[in-house]
Amino acid sequence: MQKEQQQADKDSTDGTQRRDFLRKAGSYTVTSLSGAAMLLAKPNTAKATTKVTWEEHFQKNYRLMTDEEKQEAVDRLETRYSDEFGKKVTVGDTPAIDGVLFGYALNIQKCIGCRRCVKACVAENNQSRGNEQQIEWIRVLRMEKGNFTEEDRNENGYPEDYGIQVGGNAYKPVGVVLEGQHYYQPDKVPEKDAFYFPMQCMQCEKPPCVKVCPVRTTYRDPDGIVVIDYNWCIGCRMCIGACPYWARRFNWGEPNLPKEEMNPITHYLGNRPRMKGVVEKCTFCVQRTRKGRWTACVEACPVGARKLGNLLDPDSDIRKVLATKKVFRLRADLNTYPKFFYYMD
Amino acid sequence: MKSFFHFVIDFLRAGFTGGVLFWAWMLFLSFFIMLWGYGEYVQIANGMIVTGLNDQVSWGFYLANFVFMVGVAAAAVTVVFPAYVYHHKELHKIVVLGEMIAIAAVVMCMLFVVAHMGRPDRLWHIFPVIGIFNWPNAMLTWDVIVLSGYLVLNIVGGFYFLYKKYTGEEMNKVFYLSVVFIAIVWALSIHTVTAFLINTMPARPMWFHSMMPIKFITTAFAAGPSLIIIIFLLVRRFTPLKIADEAFHMLSQIVVWCLGIALFLTLSEIVTELYPSTEHSLGLQYLMFGYHGLNALVPFFWTAMVLMIGSFILLLIPRVRKNLAILPFICIAAFVGIWIEKGMGLMLPGVIPTPVGEFAEYVPSHIEFMVVGGVWAIGFFLLTFMLKGAVAVLLGDVRYQGASGQQSVAVTAEATS
């Protein structure tokens, strides 16, 4: 769908692109190569500005900042975001709590595929939305129950009715053709012949994405959450290539985040508004969980299929799940040690 | 120091001296360079959304060309190695031209990487000291090291040789030869590391095999010398510089054997993947046969195969291989075949299907074509200029004549071009 939309968007904007970029060039706010001249102008930090300032452009990697520098960075962002979105925006910098290692468990037996978690996640985490660029951190795969039918035998294939595009000289739409697909649009869930398999960032203990990042902009915090400093990301997309769970999303264009829908309670490493050209992904709602709250998806799940907890706490939900349920992890063969567990009652 | 200053001036002058054909060629390239500027501007202003890339296929045309050009850059060693290790006399005379080709190719590589980046304005983040260099963990940082190192080695080696030729001084053999031999090993490293960049990701099973580095090197040493043969034939045609037939025979022999090994490796890969036909082979199946009607890559793959196998068989025949009237056409076929096979034919099936098994076809946007075409134009622009300068120095048309000699230098350069 994303692809379809982006394609559709591109098709529709191709004609107006020139005019579009000329217009944008005048009002462009984010520093870029072409904005180098603008950068040379004296920065004005006192005034609230939608512009990314010289200081923000040349700030250090978040992890290497001193406490003062972190405070400055946060202040700068709060001023800029508040001005941009016309409301008081806070940017948290709560560090990982000692003695906490977040783990997540999802009951695939209970999941009904309603995707309320997806919606709640988008509302909470300020992802880009709309036709131009729709970013979702959670993808719910629809799995065919009993994947053998008469047609399978006759036509020798997997379900292929759900397409993201008609490509090449395809005469029928083709989408996900392996175990499941995430573009299902039923009238009602759960469907009789399907079960559901949500996927998001697994917060691996040995994250391949972190290993391949050339500038260490993505890293694992001590509470086990893999975070990204959006201001340091160079957009090389090595991490997208390395992630076996397809959990990472890229801001192909300037994110579209309506002012009224913007969630003003943010975290530097979490749901603060992103810029174009950087990678983002699920952070277990770092802005909530580090303050003792549930993630948005846990709260939104109507059937209680989602559990979050402290893996180091023997009395936590997650530890109980691990101790008493049938648990598995996705692609365990890759030794990424996900802290996202699937289970059945 | 003064002579060096004169060298720079005279080299520039010689590089930009030429007849109508030369200027028409440079103007033609400039047109595409302007398109590159436009494409880059649109992309930087609007984001990567102007490309055909998306979350499903997030690596595409830019990286495909990058991988291929790293190979061409590395392939300069096919001139340098026989010249210095086997003391091939004829190649020895023109070894510096190979280094010029390497310089142009590495510059192109860097431009492709910048085009691929979502935030080129943050390029400095990857520079050691001022940025953060995730070395030795991130394979990309290794690539940065080997590519920039290779660029420096070739600039130093190539221009030191030309400079000494220009002034007529004795070369410092120890210095020069150490640069040359380091560059030979280094050339292998750039392509090996580029292979490691993509084959160390089990998330992408099509790339996840240990044959990648050797396959990269053999295809590079087939495509690279093919291009070098064509360029050398052009140099021989358009300048008085004499390049002996033996040089071409040597290079075409390298092409044929590397092409043969590359084809063998391709065959091994196909059998290994398709015999068990696990889901991990879906990328390759998609490339070769298409998948449920999605078959954008199929014609490209088979074209590449026909071109590679065809040129291999033709080159095996000594009479054909040694016929310099036919050779360039076979070289073009091999070059194009490998460009397809190792460019889009390698990049796309690696990311299609996605790790969750989704097939999304990718077609580069017109912006991507502009940028890629423009980078090629920049490469050829640079190469033409450097080759003209280098040939003038090799011929002795441009040489240091003391502070007063400038005038006559310009005149002789004019006369020869």
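Residues numbered from 1 in each chain as written. Chains lettered and ligands numbered in written order. Predicted model: local features only at pLDDT ≥ 70, side-chain atom pairs only at ≥ 80, totals over all residues.

Draft legend 1. Highlighting the overall build of chain B. A count of helices and strands for chain B gives 17 helices and 0 strands. Within chain B, the proportion of its 417 residues that are buried is 54%. In chain B, of all internal contacts separated by at least 6 residues, the share reaching a separation of at least 24 is 80%. (Helix = DSSP H or I, 4+ residues; strand = E, 2+ residues; numbered from the N terminus. Buried ≥ 20, exposed ≤ 12 C-beta atoms within 10 Å, placed from the backbone. Contact = placed C-beta atoms within 7 Å.)

Draft legend 2. Structural view of the overall build of chain A. Assigned secondary structure in chain A consists of 12 helices and 15 strands. A separation of at least 24 residues holds for 64% of the contacts in chain A among residues at least 6 apart in sequence.

Draft legend 3. View of the environment of C331(B). All names here are of chain B. If you trace the backbone, C331 turns up in helix α14 (residues 327-342). On the neighbour-count criterion, C331 (26 C-beta atoms within 10 Å) is buried. When the C-alpha positions of C331 and S277 are compared, they lie 34 Å apart, and in sequence the two are 54 residues distant. Residues in contact with C331, not counting those within four places in the same chain, are S226, I229 and I230.

Draft legend 4. Region of interest: the sheet that holds strand β2 (residues 102-107) of chain A. Residues and elements named next belong to chain A. Taken together, 4 strands build an open sheet; the order of strands is β13-β2-β15-β14 and the sheet is mixed. The open sheet is flanked by β13 (306-310) and β14 (326-328), the only strands paired with a single partner. Averaged over all pairs of adjacent strands, the angle between their axes in this sheet comes to 30°, without regard to strand direction. Across 5 bridges, β2 lies against β13 in antiparallel orientation. Considered in β13, the bridge of Y104 is made with L308. (Pairing = 2+ DSSP bridges. Axes fitted to C-alpha atoms, helices over the stretch in contact; angles between N-to-C directions.)

Draft legend 5. Structural view of the packing of helix α6 (residues 95-116) of chain B against helix α7 (residues 139-167) of chain B. Residue and element names in this part refer to chain B. Closest axis-to-axis distance for the α6/α7 pair is 9 Å, and the angle between their directions is 150°. Here α6 is positioned roughly antiparallel relative to α7, judged by the angle of their axes. Crossing of α6 over α7 shows left-handed handedness. Along the contact surface, α6 presents V96, E99, M100, A102, I103, V106, C109 and M110, while α7 presents L147, Y150, L151, N154, I155, G157, G158, F161 and L162. Among the residues forming the contact of α6 with α7, the class breakdown is 13 nonpolar, 3 polar and 1 charged. (Parallel < 35°, antiparallel > 145°, perpendicular 65-115°, else oblique. Left-handed = near helix turned anticlockwise from the far one by under 90°. Nonpolar A, V, L, I, M, F, W, Y, C, P; charged D, E, K, R; others polar.)

Draft legend 6. Here's a closer look at the confidence of the model for chain B. Residue and element names in this part refer to chain B. When the pLDDT values of chain B are averaged, the result is 93; 96% of them are 70 or greater. Low pLDDT, under 50, characterises residues 407-417; the stretch is placed with 20 contacts to residues that sit more than four places away or in other chains. Scoring the predicted complex yields pTM 0.88 and, for the interface, ipTM 0.91. (pLDDT = per-residue confidence, 0-100.)

Draft legend 7. Fine view of unusual backbone geometry. All names here are of chain B. The linkage connecting W135 with the following residue, P136, adopts the cis geometry, with an omega of 10°. Looking at where P136 falls in the secondary structure, it is placed in the loop between α6 and α7. Here the residue pair I352 and P353 is connected by a cis peptide bond, since its omega of 0° sits within 30 degrees of zero. Note that P353 resides in the loop between α15 (344-351) and α16 (366-395).

Draft legend 8. Representation of the packing of helix α10 (residues 245-274) of chain B against helix α12 (residues 298-316) of chain B. Residue and element names in this part refer to chain B. The geometry of α10 relative to α12 is characterised by a closest axis approach of 9 Å and an angle of 135° between their N-to-C directions. Classed by the angle they form, the pair α10 and α12 counts as oblique. With respect to the hand of their crossing, α10 and α12 are arranged in left-handed fashion. Within the contact between the two elements, α10 uses S252, V255, V256, L259, G260 and L263 and α12 uses M308, I309, S311, F312, L315 and L316.

Draft legend 9. The arrangement of helix α11 (residues 282-289) of chain B in detail. Residues and elements named next belong to chain B. α11 sits mainly inside the fold: 6 of its 8 residues count as buried. Along α11, the residues classified as buried are L282, G283, L284, Y286, L287 and M288. Looking at the buried residues of α11, the elements they touch are α10, α12 and α15. Within two residues after α11, G290 carries a phi angle of roughly 80°, on the positive side.

Draft legend 10. Molecular detail of the environment of A83(B). Residues and elements named next belong to chain B. Residue placement: A83 occurs in helix α4 (residues 77-84). A83 sits 164 residues away from A247 along the chain, and the two C-alpha atoms are 9.7 Å apart. The contacts of A83, once residues within four sequence positions are left out, are H88, L91, H92 and V95.

Draft legend 11. Expanded view of the environment of I97(A). All names here are of chain A. As for its placement among the helices and strands, I97 is situated in the loop between β1 (90-92) and β2. In this structure I97 comes out as partly exposed when scored by C-beta crowding, with 15 C-beta atoms within 10 Å. Note: C-alpha distance between I97 and E124 (27 residues apart in sequence) is 21 Å. Not counting residues up to four positions away in its chain, the partners in contact with I97 are D223 and R290.

Draft legend 12. Layout of helix α2 (residues 20-46) of chain B. All names here are of chain B. For α2, which comprises 27 residues, the first-to-last C-alpha distance of 39 Å matches the rise-based estimate of 39 Å (1.5 Å per residue) to within 8%. For α2, the complete set of buried residues consists of L29, W36, G39, E40, V42, Q43, I44, A45 and N46. Positive phi shows up at G47, right after α2, with a value of about 95°. (Expected span 1.5 Å × (residues − 1).)

Draft legend 13. Structural view of the nonpolar core. Residue and element names in this part refer to chain B. If you look at the biggest cluster of nonpolar residues, it comprises 222 residues, and the most contacted ones within it are A73, C109 and A334. At 16 residues, the largest contribution of residues to this core is made by α6. Those residues in contact with A334 that sit more than four places away from it in its chain are A222, A223, S226, V255, L259, L307, M308 and S311. (Core = buried A, V, L, I, M, F, W, Y, C linked by C-beta atoms within 7 Å.)

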